[in-house]
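Survey of secondary and tertiary structure
So you can see what is in the structure, the chains are spelled out below.
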Amino acid sequence: MSTNLAERVANRRNAPARQSTHRGAAAPQPNLVQFVQSMRGEIARALPAHVANPERIARIALTELRRVEHLAECTQESFGGALMTCAQLGLEPGGALGEAYLLPFWSKKARAYEVQLVIGYQGMIRLFWQHPAAAGLAAHTVHENDDFEFEYGLTPVLKHKPARSNRGRPTDYYAVATMANGGSAFVVLSVEDVEAIRQRSKAKDFGPWATDYDAMAKKTAIRQLFKLLPKSSELARAVAHDEGVRRDVSPEGFDAPPEFIEGEVVEQPSTNAEGTVEDVPAEFAGWPEATEPATADTAQ
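The present account deals with the structure reproduced in this document.

Definitions and limits used
Residues numbered from 1 in each chain as written. Predicted model: local features only at pLDDT ≥ 70, side-chain atom pairs only at ≥ 80, totals over all residues. Heavy atoms only, no water. Buried < 20%, exposed > 50% of the residue type's maximum accessible area, 1.4 Å probe, protein only. Helix = DSSP H or I, 4+ residues; strand = E, 2+ residues; numbered from the N terminus. Pairing = 2+ DSSP bridges. Polar contact = N/O pair within 3.5 Å; in protein donor to acceptor, adjacent residues only side chain to side chain. Phe/Tyr/Trp six-rings, centres within 6.5 Å; stacked < 30°, edge-to-face > 60°. 1 Å grid on protein atoms, 1.4 Å probe; cavity = no way out; pocket = protein on both sides within 12 Å on 5 of 7 lines; lining within 4 Å. Points joined across faces, edges and corners; volume = space filled by probe spheres on them. Nonpolar A, V, L, I, M, F, W, Y, C, P; charged D, E, K, R; others polar. Salt bridge = Lys/Arg side-chain N within 4 Å of Asp/Glu carboxyl O.

1. Focus on the pairing of strand E1 (residues 100–107)
Residues in a regular strand point their side chains to alternate faces of the sheet. Where burial is concerned, most of E1 is hidden: eight out of the eight residues are buried. Looking at chain direction, E1 and strand E2 (residues 112–119) are connected through eight bridges and run antiparallel. Looking across to E2, one finds that Tyr 101 is bridged to Val 118. Count of turn residues in the E1/E2 antiparallel hairpin: four residues, of which Arg 111 carries a positive phi of about 50 degrees.

2. Quick notes on the environment of Arg 126
Here Arg 126 lies in helix H7 (residues 121–128). On the basis of relative accessible area, Arg 126 is assigned to the partly exposed category, the value being 29%. Spatially, the C-alpha atom of Arg 126 lies 8.2 Å from that of Glu 99, the residues being 27 residues apart in sequence. Separated by 2.9 Å, the side chains of Arg 126 and Glu 99 make a polar contact.

3. What to know about the packing of aromatic side chains
Aromatic ring pairs are defined here through the distance separating the ring centres and the angle between the ring planes. Counted according to the given criterion, the structure contains eight aromatic pairs. For the pair Phe 150 and Tyr 152, a centre-to-centre distance of 5.5 Å together with 70 degrees between the ring planes defines the contact as edge-to-face. Residue classification places Phe 150 among the partly exposed positions, given a relative accessible area of 35%. Aromatic rings pair up to connect Phe 148, Phe 150, Tyr 152, Tyr 174 and Phe 186 into one cluster.

4. Regarding unusual backbone geometry
Positioned with a positive phi, His 70 is a non-glycine residue whose angle comes to about 75 degrees. Of note, His 70 is situated in the loop between helix H5 (54–67) and helix H6 (76–89).

5. As for the layout of surface pockets
Estimates place the volume of the second largest pocket at around 320 Å³. As for the second largest pocket, its lining consists of 16 residues, of which Ile 197, Arg 200, Ser 201, Arg 223 and Glu 243 are closest to the centre. Only helix H8 (191–198) and helix H10 (213–226) provide two or more residues apiece to the lining of the second largest pocket. Examining the composition of the lining of the second largest pocket, we find that five residues originate from one element, H10, more than from any other. Class assignment for the residues of the lining of the second largest pocket results in four nonpolar, four polar and eight charged.

6. Observations concerning the pattern of salt bridges
Counting across every chain of the model gives twelve salt bridges. The partner of Glu 114 in a salt bridge is Arg 247, and the shortest N-O contact between them spans 2.7 Å. Residue Glu 114 is located in strand E2, and its partner Arg 247 is located in the loop between helix H11 (233–241) and strand E8 (263–265); the two are separated by 133 residues in the primary sequence. Among the residues examined, Arg 247 registers a relative accessible area of 32% and is labelled partly exposed. A salt bridge links Asp 214 to Lys 218; the shortest N-O distance between them is 3.7 Å. Taken together, the residues span about one helical turn, with Asp 214 and Lys 218 both in helix H10 at a distance of four residues. By the burial criterion, Asp 214 is buried, and Lys 218 matches it.

Here it is as structure tokens:
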């Protein structure tokens, strides 16, 4: 197998076996490594003022192309749309920080692999803090041996004292937010509630749900909580684009609702058994290295 990323991506796109994975697969496109390079200017213009490293965004995208099975075979429109959404939100498009994930899935409508963008737990928290009224946000896991009590109503109550040891299995997940005006709100979800929501996701068995379940369960509680809170424009757009497919790579595509279509998520591969790092094209030499994906423990 070639150790050159550009060559590997090109070979993967042109391989007959890969094209026959699904009947009626589309003809090969120019490889996405070159596409990422061509998008550097658009990424730089899309990044918020407080995020000024388009090279890192592009480098992480290249790392994800190498790491995630079938991602290099996705359509340029959906890959570019997901990357532009990450850039416009100021989120890193990889699993290292848990801010956003690029997941490939087979679109029955397009008869091709497309990219589904999943906003992560850390990404939701980061965007919440951009609201001027934000004062505090936390999400926690409740275990069966913890001292936990909650009550909704006119005088809501939320008390959680974790057990010092032997906490037992998770029973609930909750998110609580406080605002600068003194207001607060919380949402509690049982494990069954989280599972019911997970089952509705196309990526319920792969991606962050498979590798970082606890973080995704907390994110689910945070998303439910956001329904009760004022949101910044960036956070509102992130919620709208979460688990959707964007095919418009222009800046205006950020304001249009993404498409949620019937598809089949494809399983991600295990990492290279030899732990080798492939070469990248010369034009990307000297860029900051993308960090490796986080484990379930560090994702929290």
